[in-house]
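Structural overview
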Amino acid sequence: MSNAPSDQNFASPWNQPGGLEAIHNWIRTALAAQNIPITGEMEQIHNRPWSTIVRIPTGETNLFFKATAGYAAHEIPLCAYLSTLATSATPQLIALRPDQPWLIMRDGGQRLREILIAQPDWSHWQILLPHFAALQIAAAQRDELLALGLPDRSLENLPRLYADLIAHSDLYQPDAENGLSDADYQRLHDLIPLVTQKAQQMAAYAVPQSVNHGDLHDANIFYNHGQYAFYDWGDSSFSHPFFSLRTAYVSAETRFDLEENAPELDRLRDAYLPAWREFETDANLHTLFGLAQELWAITSSLTWYQAINALDSDSRKDYAHVLPSLAQELMSLIKT
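Residues numbered from 1 in each chain as written. Predicted model: local features only at pLDDT ≥ 70, side-chain atom pairs only at ≥ 80, totals over all residues. Heavy atoms only, no water.

Take the overall build of the protein next. Looking only at helices and strands, the protein has 14 helices and 10 strands in total. Computed over its C-alpha atoms, the radius of gyration of the protein comes to 20 Å, within 12% of the 20 Å expected for a compact globule of 336 residues. Seen along its three principal axes, the alpha-carbon backbone of the protein occupies a region of about 60 × 45 × 40 Å. For the protein, buried positions account for 51% of its 336 residues. Sequence separation of 24 or more characterises 71% of the internal contacts of the protein that already satisfy a separation of 6 or more. Side chains of the protein give 21 positive and 40 negative charges; the mean places of these two sets differ by 3 Å. (Helix = DSSP H or I, 4+ residues; strand = E, 2+ residues; numbered from the N terminus. Rg over C-alpha atoms; globule rule 2.2 N^0.38 Å. Buried < 20%, exposed > 50% of the residue type's maximum accessible area, 1.4 Å probe, protein only. Contact = heavy atoms within 4.5 Å. Lys, Arg positive; Asp, Glu negative; His and termini not counted. Charge placed at Lys NZ, Arg CZ, Asp CG, Glu CD.)

See below:
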């Protein structure tokens, strides 16, 4: 299977005739086998072309069903794999359906987003990021991750994937309001040798490639009885682990009302990097993190391309600004 950007759309199985009914039937069967009673009506609380979530009332607490499709289908087997490495840091699974990307999981607790809205506090990020890094270190197994279906956005592939992506001129110059100028679009092409050089420099360090979460913001992190857990792995890929911090930075910028690349964000980097000391010195880790910052808009662009491509043509218009914006981010961060 190619990991290059795909132009193929897909149909969400749960939106097809009988799809949601089939899901409900499997949920009933799976929970009955574990003597877990369903105490009310199941409710579909999330519906996207690439995923759906159903809330399942079971008395004192709720369980949640999740299905994925298309570019995000690897999320379910990935969650099953990660749960064998660090149960407390990943969704706690109740049941899996081997022939479908379906699972049932326990309630994760309170979202970090609501905690931070109520009381902005950097210590949450500073406590949870070492646990996230430990999970990435435990999961740094190329063959296992690729066998689960994660997109291969390894440093070796990244320059080619970048070149393939920016060849889609319609995504970068959709109209005068949202698109890049001709000069900026040409600069994206001119950056291909520099992107290749930076990726090669990153690969020379001993930090292993692993799972890049791809969407590590405060709504995908849950807090429950003193434990943090990381959810929603549908945007994940096999790539450099440090790329995961891009979305964490954006999330912190929003929650703490900071400018882009504000010095306060160094708190995230400084909480995250010590877990990697078994591979490199502190000085090398800081240099490597800086290189990751220069390139991390590329992996986000590849994920957004897949997500946008799953939408119908009318819905895609709402996201016309995303890839040009990420291109501007790349051009502002990469150092010549």
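So, on to the side chain of Glu329. Mapped onto the elements of the fold, Glu329 is located in helix H14 (residues 322–333). In this structure, Glu329 is in contact with Arg246, Trp296 and Ala297, ignoring residues within four places of it in sequence.

Any two packed helices are characterised by how steeply their axes cross, that is the angle between the axes, and by the distance between the axes. As a packed pair, helix H9 (residues 192–203) and helix H12 (residues 282–309) sit with axes 10 Å apart at the nearest point and diverge in direction by 135 degrees. Comparing the axis directions of H9 and H12 gives the class oblique. In this structure, the crossing between H9 and H12 has a hand that is left-handed. Contact residues: H9 offers Val195, Lys198, Ala199, Gln201 and Met202, while H12 offers Leu288, Leu291, Ala292, Glu294, Leu295 and Ile298. (Axes fitted to C-alpha atoms, helices over the stretch in contact; angles between N-to-C directions. Parallel < 35°, antiparallel > 145°, perpendicular 65-115°, else oblique. Left-handed = near helix turned anticlockwise from the far one by under 90°.)

A few words on the nonpolar core. Grouped together as the largest cluster of nonpolar side chains are 87 residues, with contacts concentrated most on Trp125, Tyr172, Leu188, Phe242, Leu268 and Tyr272. Per-element tally for this core: the top contributor is H12, with 12 residues. With residues up to four places along the chain from it excluded, the contact list for Leu188 reads Tyr162, Ile166, Tyr172, Leu180, Ala327, Leu330 and Met331. The next biggest cluster of nonpolar side chains, apart from the first, holds 17 residues, and it includes Ala30, Ile56, Leu63 and Trp102. (Core = buried A, V, L, I, M, F, W, Y, C linked by side-chain atoms within 4.5 Å.)

A few words on the packing of aromatic side chains. Think of a pair of aromatic rings as described by two things: how far the centres are apart, and how the planes are tilted against each other in angle. Evaluated as defined, the whole model comprises 19 aromatic pairs. Taken together, a centroid distance of 5.8 Å and an interplanar angle of 90 degrees make the contact between Phe289 and Trp296 edge-to-face. A relative accessible area of 0% places Phe289 in the buried class. Given the relative accessible area of 3%, Trp296 is considered buried. Cluster of aromatic residues (ring-pair linked, three or more members): Phe242, Tyr249, Tyr272, Trp276, Phe279, Phe289 and Trp296. (Phe/Tyr/Trp six-rings, centres within 6.5 Å; stacked < 30°, edge-to-face > 60°.)

Turning to the sheet that holds strand E8 (residues 221–224), a few remarks are in order. Here we have 3 strands laid out as an open sheet, ordered E6-E8-E9, and antiparallel in their pairing. Across the chains shown, the open sheet's two edge strands, defined by having one partner strand only, are strand E6 (110–111) and strand E9 (227–230). Examined bridge by bridge, E6 and E8 share 2 bridges and lie antiparallel to one another. For Arg111, the partnering residue across the bridge sits in E8 and is Phe222. Here helix H4 (residues 123–138) sits on the sheet and contacts E8 and E9; the angle it forms with E9, its principal contact strand, is near 55 degrees. (Pairing = 2+ DSSP bridges.)

An order of E1-E2-E3-E5-E4 is seen for the 5 strands of this open sheet, with the pairing classed as antiparallel. For this open sheet the edge positions go to strand E1 (43–48) and strand E4 (93–97), each flanked by a neighbour on one side alone. Direction aside, the axes of adjacent strands within the sheet are offset by 15 degrees on average. Pairing of E1 with strand E2 (residues 51–57) involves 5 bridges; the strand directions are antiparallel. Its bridge partner lying in E2, His46 is registered against Ile53.

The subject of this paragraph is the pattern of salt bridges. Enumeration over the complete set of coordinates arrives at 15 salt bridges. Notably, a salt bridge pairs Asp218 with Arg113, separated by 2.6 Å at the nearest N-O pair. Remark: Arg113 occurs in helix H3 (residues 112–118) and Asp218 occurs in the loop between strand E7 (210–212) and E8; sequence separation between them is 105 residues. Classification of Asp218 by relative accessible area gives buried; the value is 0%. A salt bridge links Arg160 to Asp164, with the nearest nitrogen and oxygen atoms 3.6 Å apart. You can see Arg160 and its partner Asp164 sitting in helix H6 (residues 158–166), 4 residues apart, about one turn around the helix. Overall, the relative accessible area of 30% leaves Asp164 in the partly exposed class. Several salt bridges converge on common partners, so that one network encompasses Lys66, Glu75 and Asp232. (Salt bridge = Lys/Arg side-chain N within 4 Å of Asp/Glu carboxyl O.)

One non-glycine residue, His225, adopts positive backbone phi at about 50 degrees. Inspection of the secondary structure puts His225 in the loop between E8 and E9. Non-glycine residue Asn261 carries a positive phi angle of around 60 degrees. Relative to the elements of secondary structure, Asn261 occurs in the loop between helix H10 (245–255) and helix H11 (266–272). Among the residues examined, Asn261 registers a relative accessible area of 45% and is labelled partly exposed.

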